[in-house]
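Each chain is listed here by its residues.
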Amino acid sequence: MTRVVRTRVEFEGTVSEEMALIQGEDAPPWDATAELGIVGHPHRRIEGVGKVTGRTRYTHDLRFPGMLHARILRSQYPRARVRRVDANKALSLPGVRAVLHRFNAPKAAFRGEETIFRDEARFVGDEIAAVAAETEEIAAEALRLIAVDYEVLPHVVDLEEAIDDASPRIDEHGNVHDADKHDRGDVKKALREADTVIEETYRTPTQLHNSLETHGAVATWDGDLLTVYESTQHVFGVRQGLQAALRIPLSKIRVVCEHMGGGFGSKGGVGKYSIIAALFARELGVPVRCVLDRHEENIAAGNRSATLQRITLGAKQGRITAIVHDSWSNAGLGRWVADPTGPTKGLYDVANVRTRSYRVLANTGSLAAFRAPGYVEGTFALESAIDELAEKLAVDPLALRRQHAGAEKDLVSGLRYSLKRLVDCYDIGAEEIGWSKRKPGGSRGSAPGLRRGMGMASQTWSGGGTPPAYATVHVNPDGTAIVRIGTQDIGTGTRTILAQICAEELGIAVGDVRVEIGDTESPYAPISAGSLTVASVTPAVRVAAMDAREQLLEVAAGVLETPKAELRMEGGAVVSRGARTTIAKVLEELANYTVIGKGARRPNPDDLVLKTFGAHFAEVEVDLATGEVNVERVVAVHDIGRVVNPLTARSQVEGGVIQALGYALSEERVVDEPTGHVLTTGLETYKVPTVKDVPKIVVRFVDVPDIEANNVGAKGLGEPPIIPTAAAIANAVANATGVRVRTLPLTRKHLLEAVAAK
Amino acid sequence: VPPKASVIGPGAADVAFEVNGRPAHVHVPPHRTLLDALREDLGLMGAKKVCDEGTCGACTVILDGRPAYSCMTLAVACQGRSVETVEGLARDGQLHPVQEAFIAEDAFQCGFCTPGQIMSVVALLRANSAPTHDDVTRAVAGNLCRCGAYPNIVAAALSAARKKARA
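Residues numbered from 1 in each chain as written. Chains lettered and ligands numbered in written order. Predicted model: local features only at pLDDT ≥ 70, side-chain atom pairs only at ≥ 80, totals over all residues. Heavy atoms only, no water.

Quick look at the overall build of chain B
Here is step 1: Each helix and strand counted, chain B has five helices and five strands in total.
Here is step 2: Going from the N terminus to the C terminus, chain B shows its helices and strands as β-β-α-β-β-β-α-α-α-α.
Here is step 3: Expected size for 167 residues packed as a compact globule is a radius of gyration near 15 Å; at 16 Å, chain B falls within 12% of this value.
Here is step 4: Across its three principal axes, chain B shows a C-alpha extent of roughly 50 × 30 × 30 Å.
Here is step 5: Per-residue burial over chain B gives 56% buried out of 167 residues.
Here is step 6: Sequence-distant contacts, at least 24 apart, represent 55% of the contacts inside chain B between residues at least 6 apart.
Here is step 7: For chain B, the accessible surface area stands at approximately 6,900 Å², while carbon and sulfur atoms represent 53% of it.
Here is step 8: Here chain B holds 16 positive side-chain charges and 16 negative ones, and the gap between their average locations is 4 Å. (Helix = DSSP H or I, 4+ residues; strand = E, 2+ residues; numbered from the N terminus. Rg over C-alpha atoms; globule rule 2.2 N^0.38 Å. Buried < 20%, exposed > 50% of the residue type's maximum accessible area, 1.4 Å probe, protein only. Contact = heavy atoms within 4.5 Å. Areas by Shrake-Rupley, 256 points an atom, 1.4 Å probe, with all protein chains shown as cover. Lys, Arg positive; Asp, Glu negative; His and termini not counted. Charge placed at Lys NZ, Arg CZ, Asp CG, Glu CD.)

Next up, the structure:
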């Protein structure tokens, strides 16, 4: 039976109601007492051999006979009208096949705009023209031969300048746009009655994703059927984007992403490069590859918005009574913005809260979701401010948080949390780092001039997953299985956990499960973002495997002439009163029979809010003479429901901590204001962490299944570990030095300036 | 032995070298990098093009026994030399111990930097069979990993070295 229901869905801080189609019965939840032999145990990645042998083919590695290469000419001005494009010289270069630009390209809608080549270039890096040629080298050379006549217009690139009324308006409605607001209680009254108030301003930089595989796609047409291979977190999203751009039926578009080299949020939908590849491929009748280089990646493939945030906290008799949080984010030309005030609304039990979030336009590359967009920025400000308040109140900052961490209901919706173990995270983390040894004002370091300190910060994020998500499980005549679902493995280990879930339900080995993902020809699954994946796709795969198992047992009952109720699956065999018959043996009797199980993800419970919680603790040593911060240890504790694969879960937390370490200490997009050019387009100048920067990282999980969330009891983990790290480090530095740095990255310059100002 | 400098180019030149123990020949312009020769001329896609300017290590190969950024090495400079890529490590269907250790220690997430990391570690272990933690981090300091698999990469290198010592 199939029916349609409405369900609450939270994606990256935004709650919406969506329709979901459900079929069949759900699997009973695995509760804390469920005896699981595979789920919850460490498993190596099932695609490991391909990745360590270099056999794995990423989008970058695909080559097809006759394939051409496209390169993109990008604006060198932050704002300019394109008056004329002369491509004649480029077209006469041997090996060049075609040039597209705003005067000859077919209309192709892209994110609400009518064309991929704007008449007014809006940032340095905006697409002006594209060349298809026999080699990338020829295409690159041809770009230099295209003459563009620009009318240069006034621009603004800096967030705080863009806010200023005197700056050029990028939009007729101005540069500052309302994005989000929340009001509860009476903050004015609460602040009037507060005995302690702090009011501070925090700044965070633009962070660049720098996925090692740059954005790119290969497009090929077979008659009217388009196949696009794209490095993406959402094959179905790319398909939809291609449909909007090319105006062809969805049924004529297939999108494939078997493996991808990192996305971190930036690969959420179709890119202009994919549309360019598809247009050229259609015009020229051969496959076309369009892949960005590192420098393009860092100007035109998205970023985490820089923010300016003001926070006021009021307390009365030791309790926080009011929070006011105003935030401005540099969206570039983005039509949305991540919300840094998200954590402020829900993390702590505070009665009076007022938040305002603004989207600010500037002539820079637009934002793209970046691993916990908004929450990383907002948590730095909020959790720094909480520590500043604790210091003013002369109380332990962890104790102050504990006092406000107990709410069992979500403070925005008023609905109960399905599970909340934030206080457990505090207990585990405090014990692990030795919080009781933390002294106000820090302690002496390992050498003269060095100071040591400890700090911590909390995180809350969604991660409850969403329908729709569907899967099939085929059981082959030899007893092996194939899971098919249109999700993606963006490096998080999705393939492996799906094999675990299927193997657990079917009673077969993980090695006997193949997982086919990343293809729009498979059943639908949502975007691999927003920490949605585990909680969205594992329940569907579990139901599909259960369906396959039941069918298999029915078949076995007939073949073995034993009532189904007496049969169970175990160790790759059908077992009945001690007698074992392998699945292969059962199916042998029925030549080439394939069992096909199918499963759908159930809606989320209507009356519950599904969240993840966590806390990070950092220990640092700071050199007051040089301003150098050495992060020695990070303890990361998370409450994400059941941990399906402890091996890959730990890796994901370590990775989140390390990416956050870059955000905290070294990563910053620098833009030259007069020219609008990004100066940090390469990995020489944009400093992502190296192995040498990595502290000791201790990863712990509360690991209690959230049985009300879904049948697996698991929630998402992709984003939680990047959220609280920067704040924990900033708080540790403040503890060590007595100096508060309110601007990230926490560089030597910022720290020494703060020391000098003290 | 590399040939004594004679004039090569401006047109394409023949280059004969050894790749993974077998002879290889390419006909390439003098400015073609070893990375492009491996990927575009020889179809070896293991080494990755991430920055193409010597800042990330994803293209690391072993050139005459030493790790090298193939994006910073000209193909014509490889005449007569020996190149090893990640594709050449497994023998007779058996993974190299470093490859085994990368899987066991979960030393990769997206896997894009992995071929380069592995080649840096393999080169280290050949030169130093009992590396310290510091030796390992120095050996892979030029290999960026954006997923942050670093702790497990170090663990994999040390575990492969220990296994090798026991064998």
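Let's pick the thread back up.
Examining the packing of aromatic side chains
Residue and element names in this part refer to chain A.
Here is step 1: Inspection of the entire model under this criterion finds nine aromatic pairs over all chains.
Here is step 2: Arranged with centres 5.4 Å apart and planes meeting at 35 degrees, the rings of Phe-64 and Tyr-229 form a pair that is tilted. Here the residue Phe-64 occupies a position in the loop between helix 1 (48-53) and strand 3 (68-74), and Tyr-229 occupies one in strand 12 (residues 225-230), the gap between them amounting to 165 residues.
Here is step 3: In this structure, Arg-304 is placed above the aromatic ring of Tyr-663, and the distance from its NZ or CZ to the ring centre is 5.3 Å. (Phe/Tyr/Trp six-rings, centres within 6.5 Å; stacked < 30°, edge-to-face > 60°. Lys NZ or Arg CZ within 6 Å of the ring centre and 35° of its normal.)

Observations regarding the interface of chain A and chain B
Here is step 1: Across the contact, 51 residues belong to chain A and 47 residues belong to chain B.
Here is step 2: Each partner contributes to the roughly 3,900 Å² buried at the junction of chain A and chain B, and carbon and sulfur atoms together form 57% of this total.
Here is step 3: For chain A, the biggest contributors to the area lost against chain B are Val-52, Leu-212 and Val-691 of chain A; these three give 19% of the whole.
Here is step 4: Linking chain A to chain B there are five salt bridges.
Here is step 5: For Arg-63 of chain A, the salt bridge is made with Glu-40 of chain B, and the minimal N-O distance between the two is 2.7 Å.
Here is step 6: The set of elements that each furnish at least two residues to the side of chain A that touches chain B consists of helix 1, helix 8 (294-300) and helix 16 (646-665) of chain A.
Here is step 7: Looking at which element gives the most residues to the side of chain A that touches chain B, the answer is helix 16 of chain A, with nine residues.
Here is step 8: Partitioned by chemical class, the residues of the side of chain A that touches chain B number 18 nonpolar, 19 polar and 14 charged. (Buried area = accessible area lost by both parts, 1.4 Å probe. Salt bridge = Lys/Arg side-chain N within 4 Å of Asp/Glu carboxyl O. Nonpolar A, V, L, I, M, F, W, Y, C, P; charged D, E, K, R; others polar.)

Remarks on the state of the cysteines
All names here are of chain B.
Here is step 1: Summed over all chains, the structure comprises zero disulfides over all chains.
Here is step 2: You can see Cys-71 has no disulfide; the closest cysteine sulfur is in Cys-59, sitting 3.8 Å from it.
Here is step 3: On the basis of relative accessibility, which here comes to 7%, the residue Cys-71 falls in the buried class.
Here is step 4: A disulfide-free cysteine, Cys-147 has its sulfur positioned 3.8 Å from the sulfur of Cys-110, the nearest such atom. (Disulfide = S-S within 2.5 Å.)

Some words on the pattern of salt bridges
Residue and element names in this part refer to chain A.
Here is step 1: Applying the stated criterion across every chain, the model contains 66 salt bridges over all chains.
Here is step 2: Of the charged contacts, one joins Arg-83 and Glu-151 as a salt bridge, the two residues approaching to 3.8 Å between their closest N and O atoms. Note that Arg-83 is positioned in strand 4 (residues 80-86) and Glu-151 in strand 8 (residues 147-152), a separation of 68 residues in sequence.
Here is step 3: The class of Arg-83 is partly exposed, set by a relative accessible area of 46%.
Here is step 4: Residue classification places Glu-151 among the partly exposed residues on the basis of a relative accessible area of 26%.
Here is step 5: Its salt-bridge partner being Glu-619, residue Arg-633 comes within 3.0 Å of it at the nearest N-O pair. Taken together, the residues span a long stretch of sequence, with Arg-633 in strand 30 (residues 629-639) and Glu-619 in strand 29 (residues 612-623) at a distance of 14 residues.
Here is step 6: With relative accessibility at 14%, the residue Glu-619 sits in the buried group.

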